[in-house]
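Notes for the structure review
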Amino acid sequence: MAPTGKRKLAELSLDEFLAGGSESEPDGGSEQEEAARPAEGAAAQRRQGGKERRLRQARPAGRKKGKASEHKDQLSRLKDRDPEFYKFLEENDRTLLNFDDSDSSEEEPLHKPPDTLEVASDEDEDDEEQQPVKRKKVSLISVSLKMVEEWKKDAERRLTPKLFHEITQAFKAAVATTKGDSGGADPSKFQVTDAAVFNALVSFCIRDLFRCLQKVLLLKTPKNKQKMVLPSTSPLWSKLRLDIKAYLSCTIQLLSCLTEASVGAAVLQHVISTVPYYLSFPKQCRALLKQAINLWSTGEETVRVLAFLVLNKICRYKKEVYLSPLLKQMYIAFVKNSRFTSPNALPLINFMQRTLTEMYALDTHTSYQHAFIYIRQLAIHLRSAMTVKKKENFQSVYNWQYIHCLYFWCRVLSTIYPSEVMEPLIYPLTQVIIGCIKLVPMARFYPLRMHCIRALTLLSENTRTFIPVLPFILEVFQQVDFNKKPGRISAKPINFAVILKLSNANLQEKAFRDGLIEQLYDLMLEYLHCQACSIGFPELVLPTVIQLKAFLKECKVANYCKPIRQLLEKLQENSGYISSRRQKATFGVASREAVEQWEKQVKEEGTPLTKYYTQWKKLREKEIQLEISGKERLEDLNFPEIKRKKQNENKEEDKKEFKDLFELDSDSDEENDGFPIKGKAKAKQASDDSSEASSKDYGEDDDDEEGEYEVEEEEEELEEDSDSDEEAQEAAQGSQGPRKQRSSARGMSRSDLEQLAQGEEDIVADLTFSDDD
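None of the values given here were measured: they were computed from a predicted structure.

Here we look at the environment of Ile-473
In this fold, Ile-473 is placed in helix H24 (residues 470-479). When neighbours within four sequence positions are excluded, Ile-473 is seen to be in contact with Ile-453, Leu-520, Leu-523 and Met-524.

Okay, here's the thing in structure tokens:
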């Protein structure tokens, strides 16, 4: 039975194997048999269904029924009883045979850790609950003025790492009071409860602490000012590093809490001096940049300037690390805070444009990547508005943010020029601006057109690129009827600098045409001044001269004709000057270098148009400052206001008595050919009501027209207009003709007029300023 069992061991079932084992050793102890049978039975099952899987099941079976020593003895006896099976175990599962008593320790961790872990977790939870209680029980040291004075004296004498640590902890406690921070992950051992102590401590840290720290670190001043010596190079840096890091973090927190502009300015000045320390800690430096951008875009004027200095200083020394993300965040902040434009907000928006332009000028390669992306975004908005043609798409283009962005990129390209990197962006930006002008070419959006034309003028002047701007200016002369009588009279002029569109009521006002003529005059003069020294100036202004002459023939309002006639004469004078100069030239048109040299020489000598532009610019800047501040123009303040009594308040006899006198006054200064004819027709009517209406209409209208003419005449005198006296004489002669005809028709003598004039005098009131002024 034994040999047979040995030969066919793999074919035996579990019962047969156990029966065979009991026959081979009938005298064996029952305990040993019971301990060996489970192991042997498991081995037989492994060979039948998967020897390796069942071998793994043998070990837990042995461990469950006996100790490790007994199991080892059973395996040793198995070598004698079944050598074939023992050999199989050696080949497939040797770890089972090399069983050691030390392996029994594996059983204990399987059962004991749950008990110990449960106890440990309970204790940890109790400790966590008790820790805040213990922290509250710890008594904090209250900082006094005496302590601050002692720290200040000790720091002046010698600043040790221990002393710096105490001052930093006290500063941390002071800053924590600004946000009501009572605890935290790493609370300070000090507390600041008095406002005087807070001011003394913060003042000491901002003014004197880092000056003493600089002496301790023994930092050498660099020979090259463009390079910065970081404090991390000091041998004492390792001892002071953590306290300096905590102090810098508290300074950023203090910046975010301050509301007083003067205190914020003092802290920012301190931050500017500690920029090298921030550069040693990238995390704190990023937090400082974020806070500085917020102050740069929303703070008070002084705070904005100091915040920009912080940003600029960090980027100049760590350009490769911080410049690109900083440009992105600053541009987003600029767009976010330029949504609304008012006379008060416009200077701040211009400040952000100029300072952000300086940041883009630090690295042209980085700036090109940002400019390309953002100009492309502007083009995408414009393309969607041109294709979809819905109100929402138009509003995405015709808004302040879009216009300010266009002007900003014109300023960037103008400032960085000449630059081979940025120059390819001039053409796409110009196309976007021209497309913006043509999107909705209506009279309501003339203010927006003016802003776009100014952006193109700025770009053309500084990049020496010819951009056809004049057609967009001259187009307005053809679209607006300046001879049309205004539907309503406005009290104040329209400030085109802070509006993008006009209402339908604005289009009917007299102030609209007055302001429009003024804007067209300014825009043409600014653009042609850029081209005044060009050798092709006569050919450039020829279409403009033709258009302006046609306008002067059609327009009957002398107040509009004066500035246009003056501009026309200056253009013709400058054109004649350039023509006479280039007739003496000995080079050809193909010689570009000679042409540039000739234009440079003409620019240095000056032309009639450039000399006039210099005088006009000084006067115009004063007017713009008054307009931005929300005040009336200077010329309007030089004349008293005349208040006439309303005719319906007088008696019927007074109306008849003063009726003819007012008709004479109404026609005295009227220069429009249509008005005197209409006045004569109404004067011939017999009805009293019709004559009253005519005197009322022309009296009020002419009063406004008269004031406007006087303002324009005064402006021309300041601008040294040589033809103003001649035109005034012609206007006076023209107005005297109808006056003589009417006086003779009515048959009133000079004595009758003097007798009528002895009635009540006109009331001359002093100028009164509104609350806005």
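Observations concerning the side chain of Glu-526
Note on placement: Glu-526 falls in helix H26 (residues 510-530). When near neighbours in sequence (up to four residues on either side) are disregarded, Glu-526 contacts Arg-454, Thr-457, Tyr-613, Trp-616 and Lys-617.

So, the layout of surface pockets
Space inside the second largest pocket adds up to approximately 1,000 Å³. Taken together, 25 residues form the lining of the second largest pocket, with Arg-464, Cys-530, Gln-531, Ser-534 and Glu-599 sitting closest to its centre. Mapped by element, the contributors of at least two residues to the lining of the second largest pocket are helix H23 (446-463), H26 and helix H29 (592-605). Among the elements that line the lining of the second largest pocket, the one with the most residues is H29, at eight residues. Grouping the amino acids of the lining of the second largest pocket by side-chain chemistry returns seven nonpolar, 10 polar and eight charged.

A look at the environment of Pro-325
Among the structural elements, Pro-325 can be located in helix H17 (residues 319-336). Pro-325 sits in the partly exposed class, given a relative accessible area of 44%.

Topic: the nonpolar core
Membership of the largest hydrophobic core comes to 164 residues, with the highest contact counts inside it found for Leu-159, Trp-296, Trp-409, Phe-477 and Phe-482. Not counting the four nearest positions on each side in its chain, Trp-409 is found in contact with Tyr-331, Tyr-360, His-370, Ala-371, Tyr-374, Ile-375, Leu-378 and Leu-429.

So, the packing of helix H10 (residues 161-176) against helix H12 (residues 237-257)
The relative placement of two packed helices is expressed as an angle between their axes plus a distance between the axes. Where H10 meets H12, the closest approach of the two axes is 9 Å, and the angle between their N-to-C directions is 20°. As summarised for this structure, H10 and H12 are arranged roughly parallel, according to the angle between their axes. Where H10 crosses over H12, the handedness of that crossing is left-handed. Here H10 contributes Pro-161, Phe-164, His-165, Thr-168, Phe-171, Lys-172, Val-175 and Ala-176 to the contact with H12, which in turn contributes Lys-239, Leu-240, Asp-243, Ile-244, Ala-246, Tyr-247, Cys-250, Thr-251, Gln-253 and Leu-254.

Structural notes on the side chain of Gln-519
Of note, Gln-519 is situated in helix H26. Once you skip the residues sitting within four places of it in the chain, Gln-519 turns out to touch Met-450, Arg-454, Phe-496 and Arg-620.

Some details on H29
End to end, H29 covers 20 Å across 14 residues, agreeing with the expected 20 Å (1.5 Å per residue, within 8%). Within H29, the full set of buried residues consists of Val-595, Trp-598 and Val-602. Seen from one end, H29 has its buried residues packed into an arc of 65°, which puts them on one side. Residues Arg-592, Glu-593, Gln-597, Lys-603 and Glu-604 are exposed on H29 and point more than 90 degrees away from its buried face. The first or second residue beyond H29 is Gly-606, which carries a positive phi of 95°.

Some details on the pattern of salt bridges
One pass over the structure, following the stated rule, counts nine salt bridges. For Glu-539, the salt bridge goes to Arg-582, with nearest N and O atoms at 2.6 Å. Highlighted residues: Glu-539 in helix H27 (residues 537-554) and Arg-582 in helix H28 (residues 558-583), separated in sequence by 43 residues. With a relative accessible area of 48%, Glu-539 lands in the partly exposed category. When the shortest N-O distance is used, the salt bridge between Glu-596 and Arg-592 registers 3.4 Å. You can see Glu-596 and its partner Arg-592 sitting in helix H29, four residues apart, about one turn around the helix.

Points about helix H21 (residues 400-416)
With 17 residues, H21 ought to run about 24 Å at 1.5 Å a step, and its terminal C-alpha atoms sit 24 Å apart, in line with that. Along H21, 14 of the 17 residues are buried, which leaves the element largely enclosed by surrounding structure. The backbone nitrogen of Gln-401 lies 3.1 Å from a side-chain oxygen of the residue at the head of H21, namely Asn-399.

Remarks on the packing of aromatic side chains
With the rule as written, the count across this model stands at 21 aromatic pairs. A ring pair is formed by Phe-210 and Tyr-277, whose centres lie 4.9 Å apart and whose planes are at 85°; its orientation type is edge-to-face. Pair noted here: Phe-210 is in helix H11 (residues 195-217) and Tyr-277 is in helix H14 (residues 275-279), with a separation of 67 residues, a long-range link. Taken as a pair, Phe-210 and Tyr-277 share a single burial class, namely buried. Relative to Phe-408, the ring of Tyr-331 lies with its centre 5.9 Å away and its plane at 45°, an arrangement referred to as tilted. Pair noted here: Tyr-331 is in helix H17 and Phe-408 is in helix H21, with a separation of 77 residues, a long-range link.

Examining the confidence of the model for the protein
Should the pLDDT be low somewhere, the predicted coordinates at that spot are not to be read in detail. When pLDDT is averaged along the protein, the result is 74; 64% of the residues meet or exceed 70. For residues 181-185, every residue scores under 50 in pLDDT, and the model assigns this stretch two contacts once sequence neighbours within four places are set aside.

Focus: a positive patch on the surface
Together, Arg-241, Lys-245, Lys-283 and Arg-286 give the surface a local cluster of positive charge. Secondary-structure elements contributing two or more residues to the positive patch are H12 and helix H15 (282-298). The residue Lys-283 is located in helix H15 in this model. Exposure remark for Lys-283: the relative accessible area of 62% places this residue in the exposed category.

Parameters at a glance
Residues numbered from 1 in each chain as written. Predicted model: local features only at pLDDT ≥ 70, side-chain atom pairs only at ≥ 80, totals over all residues. Heavy atoms only, no water. Helix = DSSP H or I, 4+ residues; strand = E, 2+ residues; numbered from the N terminus. Contact = heavy atoms within 4.5 Å. 1 Å grid on protein atoms, 1.4 Å probe; cavity = no way out; pocket = protein on both sides within 12 Å on 5 of 7 lines; lining within 4 Å. Points joined across faces, edges and corners; volume = space filled by probe spheres on them. Nonpolar A, V, L, I, M, F, W, Y, C, P; charged D, E, K, R; others polar. Buried < 20%, exposed > 50% of the residue type's maximum accessible area, 1.4 Å probe, protein only. Core = buried A, V, L, I, M, F, W, Y, C linked by side-chain atoms within 4.5 Å. Axes fitted to C-alpha atoms, helices over the stretch in contact; angles between N-to-C directions. Parallel < 35°, antiparallel > 145°, perpendicular 65-115°, else oblique. Left-handed = near helix turned anticlockwise from the far one by under 90°. Expected span 1.5 Å × (residues − 1). Arc of directions from axis to C-beta. Salt bridge = Lys/Arg side-chain N within 4 Å of Asp/Glu carboxyl O. Polar contact = N/O pair within 3.5 Å; in protein donor to acceptor, adjacent residues only side chain to side chain. Phe/Tyr/Trp six-rings, centres within 6.5 Å; stacked < 30°, edge-to-face > 60°. pLDDT = per-residue confidence, 0-100. Patch = residues over 30% accessible without salt bridge, like charges linked within 9 Å, V, L, I, M, F, W, Y side chains within 5 Å. Areas by Shrake-Rupley, 256 points an atom, 1.4 Å probe, with all protein chains shown as cover. Lys, Arg positive; Asp, Glu negative; His and termini not counted. Charge placed at Lys NZ, Arg CZ, Asp CG, Glu CD.

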